[in-house]
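Okay, here's what each chain looks like letter by letter:
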Amino acid sequence: MYPRIPSPEILRQTPRRIPDAVGRSLALARELESLGAFITLLDERALAHASSVAARLLAGEELPLAGYILAVKDNIAIKDVKLTCGSKILANHPATFTATAVERLEAAGAVVIGKTNLDEFAMGSSTENSALMRTVHPLDAERVPGGSSGGSAVAVAAGLCHASLGSETGGSVRQPASFCGVCGLKPTYGRISRYGLVAFGSSLDQISPFAHTCGDLHRITRVAGGYDERDATSSSIPVSTNTELELPARPLRIGLLRNFLEHEALDSAISTAVQAAIKALRESGQTLVDIDLPSVNYSIPVYYIVATAEASSNLARFDGVRYGFRHPDAADLASVYDMSRGAGFGVEVRRRIMMGTYVLSSGYYDAYYSTALKVRHVIAEEISAALQDVDVILAPTTPSTAFKIGEKIDDPMAMYLSDVFTVPANLAGVPAVSVPWGTDEKGLPIGLQFMGRHYAEEQLLSAGMLLERLRPQA
Amino acid sequence: MTTGYEIIAGLEIHAQLVTRTKAFCRCPNQYGAAPNTLVCPVCLGMPGALPVLNREVVAQAAKLATALGANIHLQSRFDRKNYFYPDLPKGYQISQFYQPFAMGGRLRISTGAGERWIQITRAHLEEDAGKSMHLADGSTVVDMNRCGVPLIEIVSEPDFRSPEEAGAYLSAMRELLRFIGVCDGNMEEGSLRCDANVSVRKIGETAFRERTEMKNLNSIRSVERAIAAEAKRQIGVYDNGGTITRQTMQWDDQAGVLTPMRVKEGSDDYRYFPEPDLPALELSDDDVKAMLATLPELPESRRARYRDEYGLHVEAVYLLASDRALSDYFETLIGSGRSPAIAAAWVQGEVQRLLRENAWELSDFPVSAERLGGIIDAVESKRITRAIGKDILRRMLSDLRTADEIILAEGLDGGHGEDEVRELIKGILVKYPDELAKYREGKTKMIGFFMGQIMQETKGKADPTTTKDVLMQLLHNTE
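Residues numbered from 1 in each chain as written. Chains lettered and ligands numbered in written order. Predicted model: local features only at pLDDT ≥ 70, side-chain atom pairs only at ≥ 80, totals over all residues.

Observations concerning the overall build of chain A
Alright, step 1. Looking only at helices and strands, chain A has 16 helices and 11 strands in total.
Alright, step 2. Over its C-alpha atoms chain A spans a radius of gyration of 21 Å, differing by no more than 12% from the 23 Å that the globule rule assigns to 474 residues.
Alright, step 3. If one aligns the C-alpha atoms of chain A with their principal axes, the spans along those axes are about 70 × 55 × 45 Å.
Alright, step 4. Each of the 474 residues in chain A was classed as buried or not, and the buried ones make up 60%.
Alright, step 5. Counted over contacts in chain A with a minimum sequence separation of 6, partners at least 24 positions apart contribute 76%. (Helix = DSSP H or I, 4+ residues; strand = E, 2+ residues; numbered from the N terminus. Rg over C-alpha atoms; globule rule 2.2 N^0.38 Å. Buried ≥ 20, exposed ≤ 12 C-beta atoms within 10 Å, placed from the backbone. Contact = placed C-beta atoms within 7 Å.)

A look at the overall build of chain B
Alright, step 1. In terms of regular secondary structure, chain B is built from 15 helices and 17 strands.
Alright, step 2. The globule rule puts the C-alpha radius of gyration for 479 residues at 23 Å, and the 31 Å found for chain B is more than 25% above it.
Alright, step 3. Across its three principal directions, the C-alpha atoms of chain B cover 100 × 55 × 50 Å.
Alright, step 4. Residues counted as buried form 39% of the 479 residues belonging to chain B.
Alright, step 5. Contacts spanning at least 24 positions in sequence make up 68% of the contacts within chain B whose residues lie at least 6 apart.

Quick notes on the domain arrangement of chain B
Alright, step 1. What the domain assignment lists for chain B is domain 1 (5-287), domain 2 (305-410) and domain 3 (418-476).
Alright, step 2. Each of domain 1 of chain B and domain 3 of chain B was reduced to a C-alpha centroid, and the two centroids are 70 Å apart. (Domains from an automatic or database assignment.)

A word on the sheet that holds strand 4 (residues 79-82) of chain B
By definition, the strands of a sheet pair up through backbone hydrogen bonds, in either a parallel or an antiparallel sense.
Residue and element names in this part refer to chain B.
Alright, step 1. Reading across the sheet, the 3 strands line up as 5-4-16 and stay open at both edges, with antiparallel pairing between neighbours. Edge positions in the sheet fall to strand 5 (92-95) and strand 16 (273-274), since each has one partner strand and no second.
Alright, step 2. Relative to strand 5, strand 4 runs antiparallel, the two sharing 4 bridges. Within strand 5, the position partnered with Lys81 by the bridge is Gln93. (Pairing = 2+ DSSP bridges.)

Topic: helix 3 (residues 220-239) of chain B
Alright, step 1. With 20 residues, helix 3 of chain B should reach 28 Å at 1.5 Å per residue; the first-to-last C-alpha distance of 29 Å fits that figure.
Alright, step 2. Regarding helix 3 of chain B, the residues found buried are B:Ser222, B:Val223, B:Glu224, B:Ala226, B:Ile227, B:Ala228, B:Glu230, B:Ala231 and B:Gln234. (Expected span 1.5 Å × (residues − 1).)

A few points about the interface of chain A and chain B
Alright, step 1. On the side of chain B, 23 residues touch chain A, which itself brings 33 residues to the contact.
Alright, step 2. If you tally residues by element for the side of chain A that touches chain B, the top one is helix 10 (residues 299-314) of chain A, at 3 residues.
Alright, step 3. When grouped by side-chain class, the residues that make up the side of chain A that touches chain B number 16 nonpolar, 9 polar and 8 charged. (Nonpolar A, V, L, I, M, F, W, Y, C, P; charged D, E, K, R; others polar.)

Let's talk about the sheet that holds strand 1 (residues 38-41) of chain A
All names here are of chain A.
Alright, step 1. One open sheet holds the 11 strands; their spatial order is 1-3-2-4-6-5-10-11-9-7-8, and the pairing between them is mixed. Only two strands of the sheet have a single partner each, and these edge strands are strand 1 and strand 8 (287-291). Within this sheet the neighbouring strands show an average axis-to-axis angle of 30°, counted without direction.
Alright, step 2. Bridge count between strand 9 (residues 392-396) and strand 11 (residues 445-452): 5 bridges; the pairing is antiparallel. Counted as the bridge partner of Leu394 is Phe450 from strand 11.
Alright, step 3. Helix 3 (residues 43-58) rests against strand 1 and strand 3 (111-116) of the sheet, and its axis sits at about 160° to strand 3. (Axes fitted to C-alpha atoms, helices over the stretch in contact; angles between N-to-C directions.)

Section: the pairing of strand 7 (residues 253-257) of chain A
Residue and element names in this part refer to chain A.
Alright, step 1. Two strands pair when backbone bridges link them, and strand 7 and strand 8 are joined in this way by 5 bridges, in the parallel orientation. The residue bridging Leu256 from the neighbouring strand is Asp290, located in strand 8.
Alright, step 2. Here strand 7 pairs with strand 9 via 3 bridges, running parallel. Opposite Gly255, over in strand 9, you have Ile393 as the bridge partner.

A short note on the packing of helix 10 of chain A against helix 12 (residues 347-360) of chain A
Residues and elements named next belong to chain A.
Alright, step 1. In contact at an axis separation of 7 Å, helix 10 and helix 12 are set at 100° when each is read in the N-to-C sense. Classified by the angle between their axes, helix 10 and helix 12 sit roughly perpendicular to one another. Facing helix 10, whose interface residues are Tyr304, Ile305, Thr308, Ala309, Glu310, Ala311 and Ser312, helix 12 presents Arg352, Ile353, Met355, Gly356, Thr357, Val359 and Leu360.
Alright, step 2. Residues of the contact of helix 10 with helix 12, tallied by class, amount to 8 nonpolar, 4 polar and 2 charged. (Parallel < 35°, antiparallel > 145°, perpendicular 65-115°, else oblique.)

Description of the environment of A:Gln206
All names here are of chain A.
Alright, step 1. Within the secondary structure layout, Gln206 lies in strand 6 (residues 206-211).
Alright, step 2. Note on Gln206: 26 C-beta atoms within 10 Å, which makes it buried.
Alright, step 3. Distance in space between the C-alpha atoms of Gln206 and Pro3 is 29 Å, their sequence separation being 203 residues.
Alright, step 4. Those residues in contact with Gln206 that lie beyond four places of it in its chain are Ser167, Glu168, Lys186, Pro187, Tyr189 and Ile192.

Remarks on the nonpolar core
Alright, step 1. With 225 residues, the main nonpolar core has A:Leu70, A:Ile113 and B:Ala196 as its most contacted residues.
Alright, step 2. The residues contacting A:Leu70, other than those within four sequence positions of it, are A:Leu105, A:Ala110, A:Val111, A:Val112, A:Cys161, A:His162, A:Ala163, A:Ser164 and A:Leu165.
Alright, step 3. Residues B:Val367, B:Ala369, B:Ile392 and B:Met396 belong to the second largest nonpolar core, which totals 31 residues. (Core = buried A, V, L, I, M, F, W, Y, C linked by C-beta atoms within 7 Å.)

Thoughts on helix 1 (residues 55-67) of chain B
Residue and element names in this part refer to chain B.
Alright, step 1. Taking 1.5 Å of rise per residue, the 13 residues of helix 1 would be expected to cover 18 Å, and the 19 Å separating its terminal C-alpha atoms lies within 8% of that figure.
Alright, step 2. A large share of helix 1 lies buried, amounting to 10 of its 13 residues.
Alright, step 3. Residues of helix 1 that are buried include every one of Val57, Val58, Ala59, Gln60, Ala61, Ala62, Lys63, Leu64, Ala65 and Ala67, and no others.
Alright, step 4. Downstream of helix 1 by a residue or two, Gly69 has a phi angle that is positive, lying close to 70°.

See the structure below:
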């Protein structure tokens, strides 16, 4: 399961090995530097924390995540550690506080070894938009790992750590999880505090974990999640009290999302994989029902209006005045803004700020933003209504497997469409998990996803665990 | 100046709310600290920080809305107002645009022309920005302490027809805000700020003409002067066949001139949209009720009571119902059944005199309403004279004792109660039989002689009314 480092279970049983294992993770990250997973490695901090965790375990303390070695996407704040967001504008910016999710995971004994690469400000689906470095697919250096949380996906897939944190706005964890052959959970909006996550589309953003198994996703989510007084949108609904994930106690009623399963853009290898999964689920006694959610076909335009509108406002603070990059040639206030932002942001970020500014502009607000909010509401209602009848909804995670570096970078629409199956869960705020299911003819991983009911992460992950059990073992 | 024209003006008042902490973070909400010391990741807009609404802000807004008779929306929302400025660290201000906290309401103003109601359009919550300071060397520095300080913006209808009315409104709003403890009203420190919209039109016209906006009106006087100056300018433009374009002007109070800030093309595009970091602000009727628990009886209502029930003179009515501390002092005085007229006379007379003499606020005044009440009771029960009462009050400025304690310790009523006075007079009548006989023969002016003797014996401490009553009884008692 974890080919290169001892499992968390083993480390918990032998606490003295934790610092060594952390050292091994850090060394591996350097050996496999060409993967481009990490922007920053936190040797000193990680080893100090590892020693402290080991000592506390030996003193008899209960630490639910002791033994877990984690990586964190570099748009999530850790105090005094660079928080680059993959952008030149923040390339040397140290965070002034630590994100709630990281604080909770570390308090539970997990050790963070580094900050991972991402598309600049999480805007992208291939991690090619990072202004700082290139991340490649762990199985094929000519392919993308997916994005925007590409570094966190690769860190787990390549066995550099046990699990990692990414963030989702429109599929930025499930899509790279699918490409890289690991599990990725987008929790319910409000499940995990966003405090310390650099905002992209605030009404969609959610810190989201990667791991090798749904069981690990469960352990991480219940520790990282729960109400946070520093995030007014975090939910007070309690997290699961079960420390270990189990298979569903009864047969599940699973909705098969026909308009995605039969989507024209879907690769045939993925279609075949879905059919195999459906067959296995049916044979294992689950009830499968066809569902059709016509409004989700509008998810991509709605998403790109809502997310870019919010982004145009969220990224206004990066103006060269107080922190981050200020253009050395700027001579007055207007040129501080224009030149710092013009040179500090990459092309995709600028494109989205322009789009977002446009859709919020007076005279266009009603046609774009206001309409998008209404359609978003319809999509959310439709998904919620379907989930009244079924426990979870099954769909492919992505229309294709990992594509080649450069293949879509000059065609934004093609890039945006790689999120076509993931975006609905973000718009509706429901949790969704991507679980690996086989490979295509090139040996590239395929991911299938379940969407679940609000705050029903445990049930959703149980369904994912079922897929893990049913999938043909390689 | 305004021959043939009338002024149409409206005011937007920004009031900083009195709260322990800022609107969306836990930094102290206080004025005057060293620059950039009352800041945190949230109010500095550091990446990843999120706002969380301070409920105290809502309670203060609810008090003001209720005091104005405005309709509190049980559901309101926050929106982002997007613009770039160095003192705005997030690149947007959290405000309320689409669903404000309260709509409607009114405030009574009083000018030389009489009293009238001014209608309020809306009141919404927002956060203050930081403060840019332009230094002598041409550089600009920013103090972020003010970032995130809670504001309520109160927008009036264009109801003012003269600069004086606008001034009276600002003055009345300031008085109300202070009275209910929602804002300290300090215009020099910027806790209360005012913008004005002004247009003019020919008398008889019903449509509004183009208006201009004036910023930076930081006193009641500058509101009046700026509106007058702008109205005069607009009339001049119209009289010369010109047109007014919508623009924002900056008022220079020292020079007394308006300078254009920027020409508005249509309107500024702030790209308002719902603030996704804050859920809708939802209140129940019970929430509102609880928030109003600390709302005092309002000046309007107190004035009516003082005038109609207590029959106080108009001057006393305004004095005693305009300042919260003084009004509460008066309320405490009359709370234990003392005559409002007598209590009002003491507060209006002696208390005001002492405050003036010492240049004190009421909060500096060492004599509590309870202690003053003791003096009034002693005077009213004739234990001491009014003159002695005043002396005791003055003595209390540096003496912590109650009136009773002072009177007893100093013997200020010693032997000068009615019984004692009676015995004293009996003795005097015995001592001066000739003078008594003269009185009884009809020389009524001998009363003066006897009063003089009594006052001499009591060193003036006997109550003159009581003394005279007893004296007359005894003079006519021929037993």
